[in-house]
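These are the residues of each chain, in order.
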Amino acid sequence: MINEPIFQSHPKADYDADAEEIDAAISRTLKSGWFILGKETRSFEEEFAGFLGVDHAIGVGNGTDALVIALRAIGVGAGDAVLTVAHTAVATVAAIEMAGAYPVLVDIDPESYTLCPHSLSTTIQEYQKKATTGAPVLKAVIVVHLYGHVADLDAISKVVQRHGLQLVEDCAQSHGAQYRGRKGGSFGAVSAFSFYPTKNLGALGDGGAVVTSDPGIAARARLLREYGWRERYISEISGVNSRLDEIHSAVLRVKLKKLDGKNASRRAIAERYHFALQSLGYEVPRVAADVEHVYHQYVIRKKGRDVLKAFLADNGVGTLIHYPVPVHRQPAYQDKVWRTELPHTESAAREVLSLPMYPQLTNLQADRVIEEVKKFPAQAASSA
Ligand SMILES: Cc1ncc(COP(=O)(O)O)c(C=O)c1O
């Protein structure tokens, strides 16, 4: 029997799982005749804010815009510097540049792959020691809850407060993840979400949200997403056009109701992988005691990772590398960022591999992934 290929992610399966409700939501929106910033978006914003335990959510065009608007809403702009990690989607750093600010890169913790509080502290000191007159001034930190694991917010917040900075959470990969019983996205001055179709909460196209409990920041984000308008056609400040469409909002309302259940399915798949792969000697994801992981990605670590990736591809198992080239090594950014040595970032980029992970992945499929990994000859990796 020929085995069907197993995808690394599968947004079509996520649509199929709730097709009837999604179709009804789309049809309702089409029939309403109102397609931009109406009832569906307002309702989704309220429901999403309630889910996270924050006061305000503002729907925007995508997760990158959400970060840019979040930064601008807290007053970050030209002449400012923003600290973040290089082991992230390029969008995190691109957003800092798009807001007019200067990215300063910090190393990651090698166990959680998220921003290391110790490296944050030493990077701030190094940057301030070397900064010449007129250099961009440190204003904020973007912490990325990568792969669905919330960063060490307690330790990070202490450093942030000590230096008078503002905390921004990049929650593009962590919808529903928790830290000490509170949802990621409810800790920073402002947070940004992406609803790209493969995310834990994914639209059927691009989408994003800025969330905050600060009414002033919320009001500014609302102005920024639509030309600085409070009153139509009157721009109070210079803004952009980045709105979450009614159709996406209607779909997201259906999917938000299912998010906890789907995150539980991801955790069950992770447990199945954990158990089998650990006994084969693979480094599997580690979860900090105060974190509830939502496994946007299930990432293993292996020297000779590229050979394993090719072997799995030959055997019908899709994998991805998040991320193969750290941002400070990207052609577009290598000369536009400030950094010291980032050893944990460099080694993660060489060794991480994301296995198939989506809520509809069956036990049979997960077991087949494990079987194919088992067949991988150990000597192939060590000779790579
Ligand atoms: C960590 C992180 N930040 C930001 C983004 C940007 O989101 P979007 O693709 O919706 O612009 C993504 C999505 O790829 C991401 O994974």
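None of the values given here were measured: they were computed from a predicted structure.

Visitor: Can you help me understand the domain arrangement of the chain in this one?
Guide: As a measure of interface size, the accessible area lost when the parts come together is often cited. Taken domain by domain, the chain comprises domain 1 (12-254) and domain 2 (259-382). Relative to domain 2, the C-alpha centre of domain 1 lies at a distance of 24 Å. Counting residues at the interface gives 44 residues for domain 1, matched by 37 residues for domain 2. For the pairing of domain 1 and domain 2, the buried interface totals around 3800 Å² over both sides, and the portion due to carbon and sulfur atoms is 58%. Inspection of the region where domain 1 meets domain 2 yields 5 salt bridges. Between Asp-14 and Lys-262 there is a salt bridge, with the nearest N and O atoms lying 2.9 Å from each other. At the boundary of domain 1 and domain 2, one finds 23 residue pairs in polar contact (both at pLDDT 80 or more). Mapped by element, the contributors of at least two residues to the side of domain 1 that touches domain 2 are α1 (11-17), α5 (90-98), β3 (102-106), α6 (117-130) and β6 (178-179). When residues of the side of domain 1 that touches domain 2 are assigned to their parent elements, the largest contribution, 5 residues, is made by β3. Of the residues belonging to the side of domain 1 that touches domain 2, the class tally is 23 nonpolar, 12 polar and 9 charged.

Visitor: Please explain the pairing of strand β2 (residues 80-85) as it appears in this structure.
Guide: Remember that side chains alternate between the two faces of the sheet whenever the strand is regular. Of all 6 residues that make up β2, 6 are buried, and the element is covered over most of its length. Where β2 meets strand β4 (residues 137-144), 4 bridges bridge the pair, whose relative direction is parallel. Counterpart to Val-82 in the pairing with β4 is Ala-140. A crossover connection joins β2 to the parallel β3 through α5; in handedness this β-α-β unit is right-handed.

Visitor: Teacher, can you tell me more about the sheet that holds strand β10 (residues 291-292) here?
Guide: Strand pairs in the sheet, formed through backbone hydrogen bonds, run parallel or antiparallel to each other. The strand order across the open sheet formed by 3 strands is β7-β6-β10, and the pairing between neighbours is antiparallel. Because the sheet does not close on itself, it has two edges, and the strands there are β7 (182-183) and β10. In the sheet, β6 pairs with β10 via 2 bridges, with the strands oriented antiparallel. Considered in β10, the bridge of Tyr-179 is made with Val-291.

Visitor: Any chance you could explain the state of the cysteines here in plain terms?
Guide: Overall, the coordinates contain 0 disulfides when judged by the stated rule. Free cysteine Cys-171: the closest other cysteine sulfur is in Cys-116, separated by 19 Å.

Visitor: What am I meant to see in the packing of aromatic side chains here?
Guide: Given two aromatic rings, their pairing is described by the distance between the two centres and the angle made by the two planes. What the rule picks out here adds up to 13 aromatic pairs. Here Tyr-113 and Tyr-147 contribute two aromatic rings whose centre-to-centre distance is 5.4 Å and whose plane-to-plane angle is 70 degrees, an arrangement assigned as edge-to-face. With Tyr-113 in the loop between β3 and α6 and Tyr-147 in the loop between β4 and α7 (153-162), the pair connects residues that are 34 residues apart, well separated along the chain. Through a chain of ring-to-ring contacts, the aromatic side chains of Phe-44, Phe-48, Phe-51, Phe-193 and Phe-195 assemble into a single cluster. Between the NZ or CZ atom of Lys-336 and the centre of the ring of Tyr-333, over which it lies, the distance is 5.9 Å.

Visitor: Would you take a moment to explain the site of the ligand for this structure?
Guide: Every one of the 14 residues lining the ligand counts as a neighbour, but Gly-63, Thr-64, Asp-170, Gln-173 and Ser-194 are closest to it. Interatomic distance of 2.9 Å between a side-chain N/O atom of Gln-173 and an oxygen atom of the ligand. For the ligand, an oxygen atom lies 3.0 Å from a polar atom in the side chain of Lys-199. Here the ligand has 390 Å² of accessible area as a free molecule, and 87% of this is covered by the chains. Of all elements in the fold, only α4 (63-73) and α5 reach the threshold of two or more residues within the shell around the ligand. Considered class by class, the residues forming the shell around the ligand number 5 nonpolar, 7 polar and 2 charged.

Visitor: Explain the environment of Glu-372 here, please?
Guide: When you line up the elements, Glu-372 lands in helix α12 (residues 363-375). Classification of Glu-372 as buried rests on a relative accessible area of 5%. Through-space distance from the C-alpha of Glu-372 to that of Val-317 is 7.9 Å; in sequence the pair is 55 residues apart. Contacts of Glu-372, omitting those with residues within four sequence positions, involve Phe-311, Leu-312, Asn-315 and Val-317.

Visitor: How should unusual backbone geometry be read in this particular structure?
Guide: The general pattern is negative phi for most residues beyond glycine and trans for most peptide bonds. Here the amide bond leading from His-322 into Tyr-323 is cis, since omega sits at 15 degrees, within 30 degrees of zero. Its location among the elements puts Tyr-323 in the loop between α10 (305-314) and β12 (338-339). For Tyr-227, which is not glycine, the phi dihedral falls at a positive 55 degrees. Its place among the elements puts Tyr-227 in the loop between α8 (215-225) and α9 (246-279). The residue Tyr-233 is not glycine, and still its phi comes out positive at about 75 degrees. Relative to the helices and strands, Tyr-233 is located in the loop between α8 and α9.

Visitor: Just checking my understanding: could you explain the packing of α4 against α5 for this structure?
Guide: When two helices pack together, you describe them by how their axes are tilted relative to each other and by the distance separating the axes. Running from N to C, α4 and α5 cross one another at 45 degrees; their axes reach a closest spacing of 8 Å. One finds that α4 runs oblique with respect to α5. Judged by the sense of rotation from one axis to the other, the crossing of α4 with α5 is right-handed. Facing Thr-64, Asp-65, Leu-67, Val-68 and Leu-71 of α4, the residues of α5 in contact are Ala-91, Thr-92, Ala-95, Ile-96 and Met-98. Of the residues belonging to the contact of α4 with α5, the class tally is 7 nonpolar, 2 polar and 1 charged.

Here is what the cut-offs are and how they apply
- Throughout, a residue's number is its position along its own chain's written sequence, starting from 1.
- With pLDDT at 70 or above as the cut-off, local features in this predicted model cover only qualifying residues; side-chain atom pairs require 80 or more to be listed or tallied, and sums for whole chains, interfaces and linings still use all residues.
- Computation of side-chain values: all heavy atoms of the structure, hydrogens and water removed.
- An automatic or database domain assignment supplies the start and end points of every domain.
- Contacts are assigned to residue pairs that have any heavy atoms within 4.5 Å of one another.
- Take the accessible area each of two parts loses on contact, using a 1.4 Å probe, and add the two losses: that sum is the buried area.
- Take a side-chain nitrogen of Lys or Arg and a carboxyl oxygen of Asp or Glu: if they are within 4 Å of each other, that pair is a salt bridge.
- Here a polar contact means two N or O atoms within 3.5 Å. Within protein one must be a hydrogen donor candidate and the other an acceptor candidate, and residues neighboring in sequence count only if both atoms are side-chain atoms.
- Note on conventions: DSSP H or I runs of at least 4 residues are helices, E runs of at least 2 residues are strands, and numbering of each starts at the N terminus.
- Polarity classes work like this: nonpolar for Ala, Val, Leu, Ile, Met, Phe, Trp, Tyr, Cys and Pro, charged for Asp, Glu, Lys and Arg, and polar for all others, with Gly in that last group.
- The buried label applies to any residue whose accessible area, calculated with a 1.4 Å probe on protein chains only, is under 20% of its type's maximum; exposed applies above 50%, and partly exposed to all values in between.
- Following DSSP output, two strands are said to pair if at least two bridges run between them.
- With strands facing away from the observer, any crossover in which the path from the first strand over the helix to the second runs clockwise is taken as right-handed.
- Only a pair of cysteine sulfur atoms within 2.5 Å counts as a disulfide in this structure description.
- Only Phe, Tyr and Trp rings are paired, with Trp represented by its six-membered ring, and only when their centres lie within 6.5 Å; those with planes under 30 degrees apart are stacked, over 60 edge-to-face, the remainder tilted.
- Note on criteria: charge over ring means Lys NZ or Arg CZ within 6 Å of the ring centre, with the direction from the centre no more than 35 degrees off the ring normal.
- A molecule or strand has a residue near it when one of that residue's heavy atoms lies within 4 Å.
- All accessible areas in this document rest on Shrake-Rupley with a 1.4 Å probe, and a residue is counted as covered only by the protein chains that are shown.
- In this description, a line fitted to the C-alpha atoms serves as the axis of each element, helices being fitted only across the stretch in contact, and the angle between N-to-C directions of two axes falls anywhere from 0 to 180 degrees.
- If an angle is under 35 degrees, it is roughly parallel; if it is over 145, roughly antiparallel; if it lies from 65 to 115, roughly perpendicular; otherwise it is oblique.
- Crossings are assigned a handedness: left-handed for a near helix turned anticlockwise from the far helix by less than a right angle, right-handed for a clockwise turn.

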